[in-house]
Amino acid sequence: MEKGDVLVINSNILHYAAAVIECKLHSLVFSPALIIGNEDSVFAKKYMQPLLTCSSFSHYFIKTGNHENVADWFGHAFEALAQDCYGYEFVVRENLSRICLFLCGELSPQTETQNVPLSPDNLRIRKMLAYIHQNFADDISLSQISGAAGISERESLRCFKKTIQFSPIQYLLKYRIMQGAEMLLGNPAESISEIAASCGFDSPSNFTKTFKRFYNCTPREYRNLHLY
């Protein structure tokens, strides 16, 4: 990608992205609920559900200079969220809605009938990710993760590296920390030690050390920054 390019990635599509040191990569991850309100709304049934299930829509790339209004819409949404100004939620929802409507017009998902099967690697990694997500609090091994997909440890390493640039154990560690961050804010009455144990860490000190590596602050500092 180059400056000004836009890439929209569909829900449940495994991907990996990183910017070179000279560049900044701006991204927004959002739930369809932000656009549709509820699953029975006309926005859901007529637009978003067909778009999200469109087999030809894994991603949509817009080269700089093409459809510049899409880049503008994304820019307005990103800046509103980053500045946290009054009413930013409306600005974010409006501009992301414009992008979703644009995609509906480009892809015409309502008329889609083709069913494209997932690749073997995609099926395997989905099984392994599901196992990690269900068992992250336990002491799970590479053998157990690869066994969830019925493949060897070596094959699981290849599959993860090819798809998301992480090893299974690296992904497990990152997922534990992400869950810990959610628990710190969602369960403010729980101690750091309790949350560390709930995330599968053998000690609070190990949890704190690893957390700081990912978030550049301790769990306590993270909680105080976002709650108080």
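Conventions adopted
Residues numbered from 1 in each chain as written. Predicted model: local features only at pLDDT ≥ 70, side-chain atom pairs only at ≥ 80, totals over all residues. Heavy atoms only, no water. Helix = DSSP H or I, 4+ residues; strand = E, 2+ residues; numbered from the N terminus. Buried < 20%, exposed > 50% of the residue type's maximum accessible area, 1.4 Å probe, protein only. Contact = heavy atoms within 4.5 Å. Salt bridge = Lys/Arg side-chain N within 4 Å of Asp/Glu carboxyl O. Phe/Tyr/Trp six-rings, centres within 6.5 Å; stacked < 30°, edge-to-face > 60°. Axes fitted to C-alpha atoms, helices over the stretch in contact; angles between N-to-C directions. Parallel < 35°, antiparallel > 145°, perpendicular 65-115°, else oblique. Left-handed = near helix turned anticlockwise from the far one by under 90°. Nonpolar A, V, L, I, M, F, W, Y, C, P; charged D, E, K, R; others polar. Core = buried A, V, L, I, M, F, W, Y, C linked by side-chain atoms within 4.5 Å. Arc of directions from axis to C-beta.

Structural notes on the overall build of the protein
Part 1: Along the protein, the regular secondary structure elements total 11 helices and 2 strands.
Part 2: Tracing the protein from N to C terminus, the helices and strands come up as β-α-α-β-α-α-α-α-α-α-α-α-α.
Part 3: Once the C-alpha set of the protein is aligned to its principal axes, its extents read approximately 50 × 45 × 45 Å.
Part 4: Burial status across the protein gives 32% buried among its 228 residues.
Part 5: Pairs at least 24 apart in sequence give 67% of the contacts found in the protein among residues at least 6 apart.

Concerning the pattern of salt bridges
Part 1: Counting across every chain of the model gives 8 salt bridges.
Part 2: Notably, a salt bridge pairs R98 with E94, separated by 3.0 Å at the nearest N-O pair. Taken together, the positions of R98 and E94, both in helix α4 (residues 88–107) and 4 residues apart, correspond to about one turn of that helix.
Part 3: The partly exposed category is assigned to R98, whose relative accessible area is 39%.
Part 4: Owing to a relative accessible area of 41%, E94 belongs among the partly exposed residues under this scheme.
Part 5: The salt bridge involving D121 is made with R124; its shortest N-O contact spans 3.8 Å. In this pair, D121 and R124 both sit in helix α5 (residues 120–135), 3 residues apart, roughly one turn of the helix.
Part 6: Through salt bridges with shared partners, a single network forms among D121, R124, E155, R158 and K162.

Some remarks on the packing of aromatic side chains
Part 1: Across all of its chains, the model carries 10 aromatic pairs by this definition.
Part 2: Aromatic side chains Y60 and F102 sit 6.0 Å apart centroid to centroid with 85 degrees between the ring planes, which places their arrangement in the edge-to-face category. You can see Y60 sitting in strand β2 (residues 59–62) and its partner F102 sitting in helix α4, a full 42 residues away along the chain. Pair check on accessibility: Y60 and F102 agree, each one buried.

Structural notes on the environment of I132
Part 1: Structurally, I132 is set in helix α5.
Part 2: On the basis of relative accessible area, I132 is assigned to the buried category, the value being 0%.
Part 3: Sequence spacing of I132 and Y171 is 39 residues, and the spatial spacing of their C-alpha atoms is 8.7 Å.
Part 4: Those residues in contact with I132 that sit more than four places away from it in its chain are I140, I145, F160, P168, Y171 and L172.

Comments concerning the packing of helix α2 (residues 42–52) against α4
Helix-helix packing is characterised by the crossing angle of the two axes and by the distance between the axes.
Part 1: At a minimum axis separation of 10 Å, α2 and α4 run at an interaxial angle of 70 degrees. The angle between α2 and α4 places the two elements in the roughly perpendicular class. The way α2 lies across α4 gives a crossing that is left-handed. Contacts between α2 and α4 pair Y47, M48 and L51 from the former with C100, L101, L103, C104 and L107 from the latter.
Part 2: Its residues assigned to classes, the contact of α2 with α4 comprises 8 nonpolar, no polar and no charged.

Side note on the nonpolar core
Part 1: Counting 28 residues, the largest nonpolar core has I125, M128, F160, Y171, F207 and F211 as its most contacted members.
Part 2: Residue assignment for this core shows that the elements contributing at least two residues are α5, α7 (153–164), α8 (168–186), α9 (192–198) and α10 (204–215).
Part 3: Counting residues per element, this core draws most heavily on α8, at 7 residues.
Part 4: M128 has contacts with I145, S146, A149, I151, S156, C159 and F160, leaving out every residue within four places of it along the chain.

A look at helix α11 (residues 219–227)
Part 1: Among all positions of α11, only P219, Y222 and R223 are buried. Along the axis of α11, the buried residues cluster in a sector spanning 95 degrees; they form a single face. Turned more than 90 degrees from where α11 packs its buried face, R220 and L225 sit exposed.

Regarding α2
Part 1: When we look at burial in α2, the residues that qualify are A44, M48, P50 and L51.
Part 2: Against α1 (33–36) and α4 lie the buried residues of α2.

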